[in-house]
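Read off the chains here:
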Amino acid sequence: MTPGADFILTGAGELVTLDPALGEGPLGVIRGGALAAVEGKIVWVGKTSQVHKAVGLHGDGRELDAQGRVVMPGFVDSHTHCIFAGSREKEFAQRIAGATYQEIAAAGGGILSTVEATRDATTDELVAFATRRLDLVLQHGTTTLEAKSGYGLTTADEVKILEAIRLLQDPHPVEVHATFCGAHEVPPEFRGNTGGYVDLVVDEMIPAVGQRRLAEYCDVFCEQGVFSVEQSRRILRAGLEHGLQPKLHADEFSATGGAELAAEVGALSADHLLHARPEGIRAMREAGVTATLLPGTAFFLGLPYAPARAFLDAGVRVALATDFNPGSSYTPNMQLIVTLACTQMRMTVEEAIQAATLNGAYALGLQAQVGALAPDRWCDLIVLDVPSYYHVPYLYGVNHVRSVVKAGQLVWPRE
Ligand SMILES: [Zn+2]
């Protein structure tokens, strides 16, 4: 017997481990499943009927009975822009009434309105706004989240956003990983001088972020009319020199060669990918780049969806994320993203659940730590009030999360 577990979960109608070696099917499902954790990490996974023979519970340890519900890893949301000030509900209404992007921008809307509000906000204000959003993230079952800068677009404001993320990392139960995304847009003061802005990103912002280790990743919006493949390559290489792992907004509105660039620089992920070319898809598979698809953005903007099957059938690992941001996808809810992936992108339920958990972890290089319920990983799990995991996408538009455990601690509902 392994003594001294400080957390034991029993009574999972389905324990969806995401490790096929531990249970049935591609998701490794254990009926009547249980697990145990020590100091936040899983030490044992098996059947409820076996757990008390295999593992002793520490004196002040906690046992949680799932009472027949589905238990799965917490969602890993690997692409968000959820640290910002202001909101854009008027623009939402204008868009529905038929306004074009240009008309919205001329009326003071669009991404630059978020940049303006974020520049005006203090670090403490950004932390306060983001805390409310992270509470929603947690309540909807996400335990690990990536958050990008990119609404500051000056060195001081980009650093301010990343400092706000650092201040959120400790107190909030959601595990937040920071991405420097200073090349998210060309700021108004550099209009017509994108090259000058790229110089600022490479010569000043990236060294400032790297020296203070304010981010783990570097991301670029590689798109026609924004940052070219050559400019994106220069920024991502500069990031690598300062310890930032590359990620990329690629081929969202046109086939620019972003998928090929992601493969060339060894990016963890290329994201959006509506217009990736077949040679880009092949290059991603060969380089092991994860394709992160964001169906919430297509849904919210009323645009076509990414060709998920083209990636899956080519053998590319596919992850799903919310793209949580105030303009094009204002949702913290990964359950809804799983539904959209199934109904709009023809992903199977199993593919979509894997994409929203373990493959999200791959997109962040965290696949050995989170995204599966297996020994040596963090005990990050959610208890869902459904009789089988098929109900996660099937009964849609509602929140199925009953409780959330992060590193072996019950963090939702709060006690
Ligand atoms: Zn994005």
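Rules behind the numbers
- Residues numbered from 1 in each chain as written.
- Predicted model: local features only at pLDDT ≥ 70, side-chain atom pairs only at ≥ 80, totals over all residues.
- Heavy atoms only, no water.
- Helix = DSSP H or I, 4+ residues; strand = E, 2+ residues; numbered from the N terminus.
- Expected span 1.5 Å × (residues − 1).
- Buried < 20%, exposed > 50% of the residue type's maximum accessible area, 1.4 Å probe, protein only.
- Contact = heavy atoms within 4.5 Å.
- Donors = N, O, S within 2.8 Å, 3.2 Å for Na, K, Ca; no water.
- Domains from an automatic or database assignment.
- Buried area = accessible area lost by both parts, 1.4 Å probe.
- Salt bridge = Lys/Arg side-chain N within 4 Å of Asp/Glu carboxyl O.
- Core = buried A, V, L, I, M, F, W, Y, C linked by side-chain atoms within 4.5 Å.
- Axes fitted to C-alpha atoms, helices over the stretch in contact; angles between N-to-C directions.
- Parallel < 35°, antiparallel > 145°, perpendicular 65-115°, else oblique.
- Nonpolar A, V, L, I, M, F, W, Y, C, P; charged D, E, K, R; others polar.
- Left-handed = near helix turned anticlockwise from the far one by under 90°.

Trainee: Help me understand helix α6 (residues 155-169) in this model?
Mentor: Helical geometry: 3.6 residues make up each α-helical turn, so side chains three or four residues apart lie on a common side. Compared with the 21 Å implied by 1.5 Å per residue over 15 residues, the 21 Å span of α6 between its first and last C-alpha is a close match. By the burial criterion, the buried members of α6 are T155, D157, E158, V159, K160, I161, L162, A164, I165 and L168. Buried positions along α6 lie against α4 (111-120), α5 (123-139), β7 (142-148), β8 (175-183) and α7 (194-211).

Trainee: Explain the coordination of the zinc ion to me, please; I cannot follow it from the model alone.
Mentor: Metal coordination angles have textbook ideals: 109.5 degrees for a tetrahedral set of four donors and 90 or 180 degrees for an octahedral set of six. At this site the zinc ion is bound by H79 (NE2), H81 (NE2) and H249 (NE2), with donor distances of 2.0 to 2.1 Å. Sequence spacing among the residues donating to the zinc ion works out to H-x1-H-x167-H. Each member of the pair, H79 together with H81, is buried.

Trainee: Could you clarify how one ought to interpret helix α9 (residues 258-265) in this entry?
Mentor: Among the eight residues in α9, six count as buried, and that is most of the element. Restricting attention to buried positions, one finds in α9 the residues G258, A259, L261, A262, A263 and V265. Buried residues along α9 sit against β9 (217-222), α8 (229-241), β10 (245-250), β11 (269-272) and α10 (278-287). Looking one or two places after α9, you find G266, whose phi comes out positive at around 70°.

Trainee: Is there a simple way to explain the domain arrangement of the chain in this structure?
Mentor: The domains assigned to the chain are domain 1 (2-73 + 372-412) and domain 2 (75-362). On a C-alpha basis, the centroid separation for the pair domain 1 and domain 2 is 30 Å. Summing both partners gives a buried area of about 2,000 Å² for domain 1 against domain 2, and 70% of it is carried by carbon and sulfur. Our count for the domain 1 to domain 2 interface comes out at one salt bridge. Ionic pairing is found between E175 and K406, a salt bridge with its closest N-O pair at 2.5 Å.

Trainee: Help me understand the environment of P207, please; the structure alone is not making it clear to me.
Mentor: Structurally, P207 can be placed in helix α7. Judged by relative accessible area, which is 16%, P207 ranks as buried. With 151 residues separating them along the chain, P207 and G56 place their C-alpha atoms 49 Å apart. Those residues in contact with P207 that sit more than four places away from it in its chain are V201, V202 and H242.

Trainee: Explain the pattern of salt bridges to me, please; I cannot follow it from the model alone.
Mentor: Per the counting criterion, the structure on display carries 21 salt bridges. One salt bridge connects D380 with K406, and the closest N-O pair in it is separated by 2.5 Å. Here D380, found in the loop between α15 (358-363) and β14 (381-384), pairs with K406, found in strand β15 (residues 401-406); they are 26 residues apart in sequence, far enough to count as distant. Here D380 and K406 have matching classes, each one buried. Here D385 ties to R402 by a salt bridge, and the two come within 3.6 Å at their closest N and O atoms. Of the two residues, D385 sits in the loop between β14 and α16 (391-394) while R402 sits in strand β15, which places them 17 residues apart along the sequence. Residue R402 is classed as partly exposed on the basis of its relative accessible area of 41%.

Trainee: Any chance you could explain the nonpolar core here in plain terms?
Mentor: One broad trend across soluble globular proteins is that nonpolar side chains are buried collectively. F180 and L273 are the most contacted members of the largest nonpolar core, which totals 101 residues. For this core, the leading source of residues is α7, giving seven residues. Residue contributions to this core reach at least three from each of two domains, namely domain 1 (2-73 + 372-412) and domain 2 (75-362). Setting aside its immediate chain neighbours within four residues, L273 contacts A250, D251, A259, M284, A291, T292, L293, A306, P307 and F311. Judged by nonpolar contacts, the second largest core, of 18 residues, contains A12, L35, A66 and C379.

Trainee: How do you make sense of the side chain of T143 when you look at a structure like this?
Mentor: With respect to the helices and strands, T143 occurs in strand β7. Exposure remark for T143: the relative accessible area of 1% places this residue in the buried category. Residues in contact with T143, not counting those within four places in the same chain, are G74, F75, P173, V174, E175, D380, V404, V405 and K406.

Trainee: Would you mind going over the packing of α7 against α8 with me for this structure?
Mentor: Helix-helix packing is described using two parameters, namely the angle between the two axes and the distance between the axes. The interhelical angle for the contact between α7 and α8, taken along N-to-C directions, is 5°, at an axis separation of 10 Å. As summarised for this structure, α7 and α8 are arranged roughly parallel, according to the angle between their axes. Facing α7, whose interface residues are T194, G195, V198, D199, V201, V202, D203 and I206, α8 presents Q231, R234, I235, A238 and G239. Among the residues forming the contact of α7 with α8, the class breakdown is six nonpolar, four polar and three charged.

Trainee: Before we go on, may I ask you to explain unusual backbone geometry in this structure?
Mentor: With the exception of glycine, most residues fall at negative phi, and the peptide bonds are largely trans. With an omega dihedral of -5°, the bond running from W412 to P413 counts as a cis peptide bond. Position of P413 relative to the elements: it lies in the segment after β16 (409-412). Not every positive phi belongs to a glycine, and E39 is a case in point at roughly 50°.

Trainee: Looking at this structure, how should I read the packing of α8 against α9?
Mentor: Two elements in contact, α8 and α9, have axes separated by 11 Å at closest approach and are oriented at 25°. Here α8 is positioned roughly parallel relative to α9, judged by the angle of their axes. Seen from above, α8 lies across α9 with right-handed handedness. Packed against α8, whose contacting residues are V229, S232, R233, L236, R237 and L240, the element α9 presents L261, E264 and V265 at the interface. When its residues are assigned to classes, the contact of α8 with α9 shows five nonpolar, one polar and three charged.

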